[in-house]
Amino acid sequence: MIPLQVVAIVLVGLGGLAVVAARDPLRQALVLGVYGLTLVILFVVLQAPDVALSELVVSTVAFPFILFTALAKMRDRE
Amino acid sequence: MTVLCVVLIFHSAHGTITYWFGGWHPRNGIAIGISFSVEPLGAGIAALIGALMTAALVQSIDYFEEEVPPHFFVLMLVFLASMIGFALSSDLFNMFVFFELMSTAAFGLTGYRIEHRSVLQGAINFAVVNGIGAFLLLAGIALLYGRTGALNLAQIGQVLSRHGADGLVIVAFGLIVVGLLTKAGAVPFHFWLSDAYAVAPAPVCVLFAGVMSDLGLHAVGRVYWVAFSGVLGNGHADAVRGVLIGVGLLTALVGALMAFVQAGLKRMLAFIVISHVGIFLTAIGLLTARGLAGATVYVVADGLVKGALFCAVGHLARRVGHTDELIAHGRGRSLPLTGTVVALGALGLAILPPFGTFVAYSLVERGAGGLGYHWLPPLLAIATAVTGASVLRAAARIFLGLGPAEDDLLVAAPRGEEADEGMRAAPRRGFLLWGPAVALLVAGLGLGFAPGIAAHAVQHAERFVDRPAVARETLHGAPPAPLPHVHEQIGAAGYAYGAGSAILAVALAWIGLYRRRIPEAFRRAAGATAGPAVQRLKLLHDGVVGEYVTWLTAGAAAITGLLALLTR
Amino acid sequence: MSFLPYALAAWLFFVGLYGIVTSRHLVHLVVCLGVMQSSTYVLLLAIGYRTGKKAPIFTSGVPTKVGAVDPVVQALTLTDVVVSVVASALILALVIEIWKRSGKLCRCSAPPCSAQPAISCPHGSTTSSRLRSRQP
């Protein structure tokens, strides 16, 4: 139980760093999706399944989708 | 809505009205439900919100060139609801939600007229800085919840007062205060404010300047008195007082100085908002009932005056097409009424007796005197004088055509900020444009003539700062404490400061207009000493959002660190 | 274990902050804001977590013996998650608008492009150039 939590915490920490370090927005959107997934794992092991479900929808599906749409709009205008 | 809020003031005068949503009343003093607590001071702020919103909505009918789309009104009403919710809520997390809702509606409104980049840049600075402020606030709330297991302010106060003030409580208090001060725009969290207020449409600015900033301060007062006064009040009060007054004074003086060197009226008014936020923060930071009463009356009176000024600026923008005092030099001669409103408003800002702002200032002055802080009132009077002077100078240039039309001291506003480029100066002489300005000004200045307003405010503030009684009333439904007898008399010192500030304002405005008539040697000496500092300060306010965030973090660390250090 | 989640919250906060401060692209900035906000989720959940307790789902008496972790913070986190995505979406909408305007500006004439802070643009020049444009 506890080792699992430690692993999840380390994963989230690395994920956050990776998101910030990815300077290209398109790549960053992808990394963000993965980061959201690590957060979901962390929430599950912290006994918060409902938060994990909403986070799953928001940060691995909805938010990258919004980002991609925004980036696509910008690409159109270029 | 306004009428409802005014009714609320009188109703809650007999005792705090607490409404528990969904009927979740507290049992045995433990609150699970979410509640609104209405006491006269909060209801006063809510009434101010209602009044300003009415004025802004009336003006926006004529202000925009095209038909106003429905979503503008929807945003305005959401903004109204969230502000009133924030002012009345007595639940910390609810306050956070209203805080976010308010910010979201507000930055939607800021970016409403997308004519130029600077508008969007202002809106984004606003959104990012306020977002981070909200995270700090939420982190503070979370820590506090971890310690007390409660979100209701009164209950937090009860739990906290049983324990001592340890590091966690101090850090939580620091984070919450920083989050709220970010909204209020205190130095060094104020950079977003001047960018955002300068670009928002004038009717929206009426609300931003009139109440949104001051709401953050009102919340600081409420959080301190209802939740933290039990644990921080004895022993640590001096530390909290020192930090709040220090930040407040710095804000008041920096804001006043920056206002004085602006040429664009909207940006100038934005810095005046910052300066006066500093004054209110100082008044709340006195941590006395009289200081709190003074701050509340000041917020209401000053909010009405600032709202009137922004309405007048909106009228000017509509008729003349520009609000930069150097460009619009003399072009406002055809608008004597608006000119009078601006000039009177400026004198109101400079606390000329016997206007409403003066009554509030005299309360603050006596509050400071009661603590032995006799050096404080003159400094505040200087800040009010400088802010009044900058508006007077601009009014003289625009409406009377006095003074030279160029001045290298002043900062010109970036292109597209003061004049809406898409908006031609249409000769619309609608009552809807200048009517709200006159009404707000009359209300703001006339507040000073309301009989016994100072005494009433102090009475209710006295009751409000009695934390155990408030907690009993909220959580156990105990009858309210009887109103203490208070006799308020404005002393000679108060009149002296008020008159002095107004005279100083006129004098400074004259200096601002006719600097060249001052002897050369004196001018050069003053320029050599103050010039570089002012220049640096100006440059500081031109940064990008990254710099603002750095300042925010530094300020947050400094305030929390200072609190921790002083309460050791 | 007990301090690790708090350390993670602080770490995410400062990593996001670093990203915002050094950001050269507004979309990147919005994402960093999201990372910063996720620190508050972790903080909230860490505060409500109790070792060995189960998730607060009470179906026909399953976890009543063991007890549950604090459900209030989970409700707060849910609110927070939803609020954050709305705020980010709104900022992104503003960013798109900026891009539209500045794209037009860049095409019409060369110099105005230098008046753009904090967004990468075909002509380069990103750092506080508004400073220069404001100088009289």
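Computed from a prediction, not measured in an experiment: that's the story for all the values here.

Visitor: Describe the overall build of chain C, listing the residues and the values that go with them.
Guide: Within chain C, the secondary structure is distributed over four helices and zero strands. Order of helices (α) and strands (β) in chain C, N terminus to C terminus: α-α-α-α. Per-residue burial for chain C yields a buried fraction of 44% across its 136 residues. Taking as baseline every contact in chain C between residues at least 6 positions apart, the subset at least 24 positions apart corresponds to 44%.

Visitor: Go over the interface of chain C and chain A with me, naming the residues and quoting the values.
Guide: Listed by partner, the interface residues are 37 residues for chain C and 34 residues for chain A. Among the elements that make up the side of chain C that touches chain A, the one with the highest residue count is helix H3 (residues 71-108) of chain C (13 residues). Of the residues that constitute the side of chain C that touches chain A, the class distribution is 24 nonpolar, ten polar and three charged.

Visitor: Now, about the nonpolar core: what can you tell me, with residues and values included?
Guide: Ranked by internal contacts, the top residues of the largest apolar core, which has 275 residues, are Ile49(B), Met83(B), Val297(B) and Leu45(C). For Ile49(B), the residues in contact, after removing those within four places along its chain, are Leu80(B), Met83(B), Ile84(B), Ala87(B) and Val211(B).

Visitor: Can you lay out the packing of helix H2 (residues 40-63) of chain B against helix H3 (residues 70-88) of chain B for me, pointing to particular residues and giving the numbers?
Guide: Any two packed helices are characterised by the angle at which their axes cross and by the distance between the axes. All names here are of chain B. The N-to-C vectors of H2 and H3 enclose an angle of 170°; their axes lie 9 Å apart at closest approach. By the angle between their directions, the pair H2 and H3 is classed as roughly antiparallel. Listed contacts from H3 to Gly42, Ile45, Ala46, Ile49, Met53 and Leu57 of H2 are Met76, Leu80, Met83, Ile84, Ala87 and Leu88. In the contact of H2 with H3, the residues fall into eleven nonpolar, one polar and no charged.

Visitor: Describe unusual backbone geometry, and please don't skip the residues or the numbers.
Guide: In the Ramachandran plot, Gln47(A) falls in the positive-phi region, its phi being about 65° despite a non-glycine side chain. You can see Gln47(A) is positioned in the loop between helix H2 (25-45) and helix H3 (49-77). Gln47(A) sits in the buried class, given 25 other C-beta atoms within 10 Å. Positioned with a positive phi, Leu287(B) is a non-glycine residue whose angle comes to about 60°.

Visitor: Got a sec to walk through helix H19 (residues 492-513) of chain B? Specific residues and values, please.
Guide: All names here are of chain B. End to end, H19 covers 32 Å across 22 residues, agreeing with the expected 32 Å (1.5 Å per residue, within 8%). Taken together, the buried positions of H19 are Gly494, Tyr497, Gly498, Ser501, Ala502, Ala505, Leu508, Ala509 and Gly512. The arc enclosing the buried residues of H19, seen along the axis, measures out at 130°, which places them on a common side.

Visitor: I'd like a rundown of the confidence of the model for chain C, residues and numbers included.
Guide: All names here are of chain C. When pLDDT is averaged across chain C, the result is 70; 66% of the residues are at 70 or more. At the level of individual helices and strands, chain C shows its lowest average pLDDT in helix H4 (residues 130-134), which scores 37, and its highest in helix H1 (residues 4-22), which scores 89. When the criterion is pLDDT under 50, residues 104-136 qualifies, and its contacts beyond four places in sequence or with other chains add up to 50 contacts. Across the interface, the model reports ipTM at 0.87; the global pTM reads 0.85.

Visitor: Mind laying out the environment of Ala46(C), listing which residues take part and the relevant values?
Guide: All names here are of chain C. Along the chain, alanine 46 falls in helix H2 (residues 26-48). Taking the C-alpha atoms as reference points, alanine 46 and isoleucine 98, 52 residues apart in sequence, are found 38 Å from one another. If we ignore the near neighbours within four places in the chain, the residues touching alanine 46 are Pro5, Tyr6 and Ala9.

Visitor: Pulling in residues and values, what's your account of the packing of helix H12 (residues 289-320) of chain B against helix H14 (residues 356-370) of chain B?
Guide: Residues and elements named next belong to chain B. Close contact between H12 and H14 brings their axes to 8 Å; oriented N to C, the two are set at 160°. Taken together, the axis directions place H12 and H14 in an arrangement best described as roughly antiparallel. Here the hand of the crossing between H12 and H14 comes out left-handed. Together, Arg290, Gly291, Ala293, Gly294, Val297, Tyr298, Ala301, Asp302 and Val305 of H12 and Gly356, Thr357, Val359, Ala360, Tyr361, Leu363, Val364, Arg366, Gly367 and Gly370 of H14 make up the contact between the two elements. By residue class, the composition of the contact of H12 with H14 is ten nonpolar, six polar and three charged.

Definitions and cut-offs
Residues numbered from 1 in each chain as written. Chains lettered and ligands numbered in written order. Predicted model: local features only at pLDDT ≥ 70, side-chain atom pairs only at ≥ 80, totals over all residues. Helix = DSSP H or I, 4+ residues; strand = E, 2+ residues; numbered from the N terminus. Buried ≥ 20, exposed ≤ 12 C-beta atoms within 10 Å, placed from the backbone. Contact = placed C-beta atoms within 7 Å. Nonpolar A, V, L, I, M, F, W, Y, C, P; charged D, E, K, R; others polar. Core = buried A, V, L, I, M, F, W, Y, C linked by C-beta atoms within 7 Å. Axes fitted to C-alpha atoms, helices over the stretch in contact; angles between N-to-C directions. Parallel < 35°, antiparallel > 145°, perpendicular 65-115°, else oblique. Expected span 1.5 Å × (residues − 1). Arc of directions from axis to C-beta. pLDDT = per-residue confidence, 0-100. Left-handed = near helix turned anticlockwise from the far one by under 90°.

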